[in-house]
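# Topology and contacts: notes
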Amino acid sequence: MAFVEFREVTKYYQMGEQKITAADGITFSFEKGEFVIIVGPSGAGKTTVLNMLGGMDVCSGGEIRLEDKLVSSYGSRQLTEYRRYDIGFVFQFYNLVPNLTALENVELACQICREPLDPAQTLKMVGLEDRMDNFPAQLSGGEQQRVSIARAICKNPKLLLCDEPTGALDYNTGRTILKLLQDTCRNTGRTVVVITHNQAFTSLANRVITIKSGKVTSIAVNDHPMSADEIEW
Ligand SMILES: Nc1ncnc2c1ncn2[C@@H]1O[C@H](COP(=O)(O)OP(=O)(O)OP(=O)(O)O)[C@@H](O)[C@H]1O
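For the structure given in this document, a descriptive report is provided here. (Residues numbered from 1 in each chain as written. Predicted model: local features only at pLDDT ≥ 70, side-chain atom pairs only at ≥ 80, totals over all residues.)

### Let's talk about the site of the ligand
The criterion, for reference: As a rule, any residue with its backbone-derived C-beta atom within 6 Å of a molecule or strand is reported as near that molecule or strand. Only runs of H or I of at least four residues qualify as helices and only runs of E of at least two qualify as strands under DSSP, and these elements are numbered from the N terminus. Here the nonpolar group is Ala, Val, Leu, Ile, Met, Phe, Trp, Tyr, Cys and Pro; Asp, Glu, Lys and Arg are the charged ones; every other residue, Gly included, is treated as polar.
Within the structure, the ligand sits among 13 residues, and Tyr13, Ala22, Ser42, Thr47 and Thr48 are positioned closest to it. Within the residue set of the shell around the ligand, elements represented by two or more residues are β1 (4–15), β2 (18–30) and α1 (46–53). Among the elements that line the shell around the ligand, the one with the most residues is α1, at three residues. Residues that form the shell around the ligand fall into these classes: five nonpolar, seven polar and one charged.

### Examining the sheet that holds β1
Formally: Criterion used throughout: strands pair if DSSP finds at least two bridges between them.
Across the sheet, which stays open at both edges, the four strands sit in the order β2-β1-β4-β5 with antiparallel pairing between neighbours. Among the strands making up the open sheet, the edge pair consists of β2 and β5 (69–70). Bridge count between strand β4 (residues 61–66) and β5: two bridges; the pairing is antiparallel. Bridge pairing links Leu66 to Lys69 in β5.

### Observations regarding the nonpolar core
Here is the rule: When buried Ala, Val, Leu, Ile, Met, Phe, Trp, Tyr and Cys residues are joined through C-beta atoms within 7 Å, the set is termed a nonpolar core. Residue burial is a threshold on neighbouring C-beta atoms within 10 Å of the residue's own C-beta, all placed from the backbone, with 20 or more meaning buried, 12 or fewer meaning exposed, and counts in between meaning partly exposed. Once C-beta atoms have been placed from the backbone, residue pairs whose C-beta atoms lie within 7 Å are recorded as contacts.
Grouped together as the largest cluster of nonpolar side chains are 60 residues, with contacts concentrated most on Val36, Ile37, Ile38, Ala150, Leu161, Val192 and Val193. For this core, the leading source of residues is helix α5 (residues 141–154), giving six residues. Leave out the neighbours within four places in its chain, and Val193 touches Val36, Ile38, Leu50, Leu159, Leu161 and Cys162.

### Quick look at the environment of Leu103
Position of Leu103 among the secondary structure elements: in helix α3 (residues 102–110). The sequence separation of Leu103 and Thr188 amounts to 85 residues, and the corresponding C-alpha distance is 21 Å.

Structure, rendered in structure tokens:
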């Protein structure tokens, strides 16, 4: 059994009379420790897939599994536990609490999980040992994204899910964030999923899942991914 599996997953949104198909029979799987990129144009269904994988949204049909858990059968209480214990999220716009310091933002997330990592150590790992007592407004966009990555990793999740994590950052800062995510995967064996519309990022991944119009159009496995230092876009 694969670590993560989507089998014929569908997602429909009803907008008045109109039925929108955001996922149209999505099937893929990947293994523990992989760096997975889900790529596709705007509106392809990437966020929908990530939200269903992260338990933030439910599918209309098909099966979603993480290890031996059939996530697609979960009710709201089980989904709350799943999001809390198994999933770490990184969003495009960081979503830090503005009146808490970097360290307090990470500590807050640790309070709701079972076996958190040490918040200060995790901030050190993302290169912020000297900025722990700063508030988000005192940090650059790249530094705020590092805090949000530390906050997600600190929960010690099975899956780290990142939705356009470099979308709000300049070129060089974006590259350092991709390197951090790639190093997190390589050095700690954590499974990382990144969604992006940027085709250039795909050479970083062990597995690239391409989505168009709610369907998987290709799945490519790369045994020799490039380092984030080497790519240009
Ligand atoms: N809550 C919702 N209600 C109605 N339609 C939705 C909802 N969420 C997404 N959709 C629609 O589903 C489709 C897929 O959207 P999704 O956000 O998953 O695409 P995406 O690939 O992540 O796009 P982007 O890169 O622009 O964020 C789009 O047509 C979108 O308008």
